[in-house]
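A structural walkthrough
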Amino acid sequence: MVTKRQNEILNLIVEIFTKTQEPVGSKALQDSIKSSSATIRNDMAALEKQGLLEKAHTSSGRKPSIAGFQYFVKHSLTFDSLAENEVYEVIKAFDQEFFKLEDILQRAADVLARLTACTALALDVEPSRQRLTAFDIVVLSQHTALAVFTLDESSTITSQFMIPKNFLQDDLICLRNLIQERFLGQTVLDIHYKIRTEIPQIIQRYFTTTDNVLDLFEHIFEEMFAEKVQLAGKVQLLNFADLRAYQFLENRQKIAFELRESLQDEEMQTVRVAESKEASLADLTIITSKFLIPYRGFGLLALIGPVNVDYQHLVGLVNVVNRVLTMKLTDFYRYLSSNHYEVH
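Let us look at the structure shown here. Keep in mind that what you see is a predicted model, and the values were worked out from it rather than measured.

**Thoughts on the pattern of salt bridges**
In the structure shown here, the tally under the stated rule is 14 salt bridges. Across the pair Asp 152 and Arg 296 runs a salt bridge, and its minimum N-O distance is 3.5 Å. With Asp 152 in the loop between β5 (144–151) and β6 (155–162) and Arg 296 in the loop between β9 (285–293) and β10 (297–305), this residue pair connects regions lying 144 residues apart in the sequence. By the burial criterion, Asp 152 is buried, and Arg 296 matches it.

**Considering the sheet that holds β6**
What the three strands build is an open sheet, ordered β4-β5-β6; its pairing is antiparallel. Among the strands making up the open sheet, the edge pair consists of β4 (132–139) and β6. Ignoring which end each strand starts from, the neighbouring axes of this sheet average 20° apart. Looking at chain direction, β5 and β6 are connected through eight bridges and run antiparallel. Counterpart to Leu 146 in the pairing with β6 is Gln 160. Packed onto the sheet, helix α9 (residues 213–225) meets β4, β5 and β6 and runs at close to 150° relative to β6.

Basis of the calculations
Residues numbered from 1 in each chain as written. Predicted model: local features only at pLDDT ≥ 70, side-chain atom pairs only at ≥ 80, totals over all residues. Heavy atoms only, no water. Salt bridge = Lys/Arg side-chain N within 4 Å of Asp/Glu carboxyl O. Helix = DSSP H or I, 4+ residues; strand = E, 2+ residues; numbered from the N terminus. Buried < 20%, exposed > 50% of the residue type's maximum accessible area, 1.4 Å probe, protein only. Pairing = 2+ DSSP bridges. Axes fitted to C-alpha atoms, helices over the stretch in contact; angles between N-to-C directions. Contact = heavy atoms within 4.5 Å.

Function cannot be read off these values alone, since they describe shape.
The structure is reproduced here in structure tokens:
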């Protein structure tokens, strides 16, 4: 059991160590802990026995263990803090006109990566939670066409495709009508399920020749099923992680799944210290925070960094970017809803 004084000592050691990266001795704590050096050393020894501190090989000081950082995050970290010194810098970084949602999310990731020296990610609303509200096909040439999807009445996705050689003149119209009749108003998750269960039987009634039609469905919907992940500071990951983590980030679908798994539906923000089930991230800290995308749902900000970070400062920075990002997105979608369209 950790006493009140021991908790204060642990908090101070975490604070000092994350700023200096140097082991902390009892004398460094005496100004803040109103106890003798001997009493502080005894408490430090007790914390070490509980696995929350560990000795440094090069000095008599102590540093937090992984369990110590986990204990600090669980019992002492303040999630509603703001990094006030960086507020102006973050606001200034967003002070421009954006034409695409992806550009706004990328700016958020860029700002977080630059201010934290960690790897930062920004995710759009989870695809399965979005709803198809409009669909059309635009013929580009004799051999190519463009499928245009609108999700949640505000987010546009396009998918260019080759028109199958066996398509008759009216087959593109038939394809468009089939998608509009069967999929409009459906969630992406439901559409994904229907393409694998209902569509193989249904297309036989719509098309004279069904060769390649199912493959075409898979192709044009592939982009809609994919996670939208904006990444920044990927190379910085190599400063505190091995090549496996770097390679894992190359698969954005997997990293999106890992980040979403780290945050429960009812949670708005969380810090996981060396708790990832993914082996390449198992020794790292992952900070995740939901942000509101008006009319559509919640996106996700994430930081991936080492265990020995200044947690309070990083959480404060995430909160600042979260708030500024939400304000920017509110303006962005207010503009879209006033009879304008997103530019792609």
